[in-house]
Amino acid sequence: NVWNKCAMRLIGYSTEEVMGRSLVQEFITDDFKSLVQSVLDQALAGDETDNFEFPLITKASTRIEVLLNATTRRDEQGTVIGVVGIGQDITARLAQEREYSKLIDTANAPIFGVDTQGAVNVWNKNAHKLVGYTPEEVMGKILVKEFITDEFKTAVQAVLDQALHGEETANFEFPLM
């Protein structure tokens, strides 16, 4: 029942053009129709969804990527009367992330990354070439515990801890197993 100015600007359809039409059947790509319908059905049942990514087709027939929060809409008595979808265009952000990943993967230096727990979450082609482990073999494993020689474990962990606290270390050399 609601189609605001931001939705009009983003998708290109006026309120009159979308009212009474099926969002899922007419504006969602075939590969996401059942997933989006499931998110909407869950919201109608009171189970809200945050940060759901899916593509929408604009009036100009272009595909945009949307980050959706689906919230249950209730009347004064608390009865579910619909779903409010709050969406954000993340097309540019996703393109930037893909470009960033491509840059890392094709760099002429070995590049790896770890999450806050020390688990490997980035492993580029040159890291694979240098060490021999494929990304599939290292992803999710604790870098220091499994891939650093014993004599360097403490020093490497200290450098990673400093980096996680925003302190950069330049040109730190260490062997990988």
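Just so you know, the residues in each chain are numbered from 1, in the order the chain's sequence is written. Totals for whole chains, interfaces and linings use every residue, but because this is a predicted model, local features are given only for residues with pLDDT of at least 70 and side-chain atom pairs only at 80 or more, for both listing and counting. Calculated side-chain values reflect all of the structure's heavy atoms, with hydrogen atoms and water omitted.

**As for the nonpolar core**
So, point 1. One finds Ile-11, Ile-28, Val-36, Phe-52, Phe-54, Leu-56 and Leu-68 to be the most contacted residues of the largest nonpolar core, which totals 20 residues.
So, point 2. Put simply, DSSP H or I for four residues or longer makes a helix, DSSP E for two residues or longer makes a strand, and each gets a number counted from the N terminus. Of all the elements in the fold, those that place two or more residues in this core are helix 1 (5-11), helix 3 (23-27), helix 4 (33-44), strand 1 (49-57) and strand 2 (63-74).
So, point 3. The residues contacting Val-36, other than those within four sequence positions of it, are Val-24, Ile-28, Phe-52 and Phe-54.
So, point 4. Throughout, nonpolar core names a set of buried Ala, Val, Leu, Ile, Met, Phe, Trp, Tyr and Cys residues whose side chains join them through atoms within 4.5 Å. Relative accessibility decides the category of a residue: with a 1.4 Å probe and only protein chains considered, values under 20% of the type maximum give buried, values over 50% give exposed, and everything between is partly exposed. The next biggest cluster of nonpolar side chains, apart from the first, holds 11 residues, and it includes Val-120, Ala-127, Val-138 and Val-144. Every residue pair with non-hydrogen atoms within 4.5 Å of one another is taken to be in contact.

**Some points on helix 4**
Residues spaced three or four apart along an α-helix point in a common direction, a consequence of the helix completing one turn every 3.6 residues.
So, point 1. One less than the residue count of a helix, multiplied by 1.5 Å, gives the span that helix is expected to have. Across its 12 residues, helix 4 extends 16 Å between first and last C-alpha, which sits within 8% of the 16 Å expected from 1.5 Å per residue.
So, point 2. Residues of helix 4 that are buried: Lys-33, Val-36, Val-39, Leu-40 and Ala-43. One face of helix 4 carries all of its buried residues, which in axial projection span an arc of 135°.
So, point 3. Considering only its buried residues, helix 4 is in contact with helix 3, strand 1, strand 2 and strand 3 (80-89).
So, point 4. Positive backbone phi, at 95°, marks Gly-46, one or two positions downstream of helix 4. This arc is taken over the directions from the axis of the helix to the C-beta atoms.

**Examining the pairing of strand 5 (residues 120-123)**
So, point 1. Bridge count between strand 4 (residues 112-114) and strand 5: three bridges; the pairing is antiparallel. Its bridge partner being in strand 5, Phe-112 is matched across the sheet by Trp-123.
So, point 2. At least two bridges found by DSSP between two strands is the condition for calling them paired. Taking the residues between adjacent antiparallel strands as the criterion, strand 4 and strand 5 are bridged by five residues, where Gly-118 takes a positive phi near 90°.

**What about the layout of surface pockets?**
So, point 1. In this model, the largest pocket occupies a volume close to 1,100 Å³.
So, point 2. Taken together, 34 residues line the largest pocket, and the ones lying closest to its centre are Val-2, Trp-3, Leu-23, Val-83 and Gly-85.
So, point 3. The leading source of residues in the lining of the largest pocket is strand 3, at eight residues.
So, point 4. Each residue belonging to the lining of the largest pocket can be placed in one class, and the counts come to 22 nonpolar, nine polar and three charged.
So, point 5. If you go around the second largest pocket, you meet 21 residues; those closest to its centre are Phe-112, Val-159, Leu-160, Phe-172 and Phe-174.
So, point 6. Looking at the lining of the second largest pocket, the elements with two or more residues in it are strand 4, helix 6 (125-131) and helix 9 (153-164).
So, point 7. Here the element with the most residues in the lining of the second largest pocket is helix 9; it accounts for five residues.
So, point 8. Class assignment of the residues belonging to the lining of the second largest pocket gives a composition of 17 nonpolar, three polar and one charged. Buried and open spaces are told apart on a 1 Å grid over the protein atoms alone, a cavity being a set of points where a 1.4 Å probe fits but cannot get out and a pocket being an open set with protein on both sides within 12 Å along at least five of seven lines. Residues with an atom within 4 Å of a point are the lining residues. Grid points are joined across faces, edges and corners, and a volume is the space filled by probe spheres set on the points. Classification convention: Asp, Glu, Lys, Arg as charged; Ala, Val, Leu, Ile, Met, Phe, Trp, Tyr, Cys, Pro as nonpolar; all other residues, Gly among them, as polar.

**A look at the environment of Ile-11**
So, point 1. Its place among the elements puts Ile-11 in helix 1.
So, point 2. Those residues in contact with Ile-11, other than ones at most four positions away along the chain, are Trp-3, Leu-56, Ile-57, Thr-58, Lys-59 and Ile-64.

**Describing the pattern of salt bridges**
So, point 1. Take a side-chain nitrogen of Lys or Arg and a carboxyl oxygen of Asp or Glu: if they are within 4 Å of each other, that pair is a salt bridge. As enumerated under the stated definition, the model contains eight salt bridges in all.
So, point 2. Residue Arg-21 is joined to Glu-26 by a salt bridge in which the shortest nitrogen-to-oxygen separation is 2.6 Å.
So, point 3. In the salt-bridge network here, residues are joined through shared partners; they are Glu-53, Arg-93 and Glu-97.

**Considerations on the pairing of strand 3**
So, point 1. Two strands pair when backbone bridges link them, and strand 2 and strand 3 are joined in this way by nine bridges, in the antiparallel orientation. Directly across from Leu-67, in strand 3, lies its bridge partner Gln-88.
So, point 2. Hairpin connection between strand 2 and strand 3: a loop of five residues separates the two successive antiparallel strands, and Gly-78 in this loop has a positive phi of roughly 90°.

**Remarks on the side chain of Glu-65**
So, point 1. If you trace the backbone, Glu-65 turns up in strand 2.
So, point 2. By relative accessible area, which is 18% here, Glu-65 ends up buried.
So, point 3. We call two N or O atoms a polar contact when they sit within 3.5 Å, provided that within protein one can donate a hydrogen and the other can accept it, with sequence-adjacent residues counted only if both atoms are side-chain atoms. Looking at Glu-65, its side chain comes within polar contact range of the side chain of Arg-63, at 2.8 Å.

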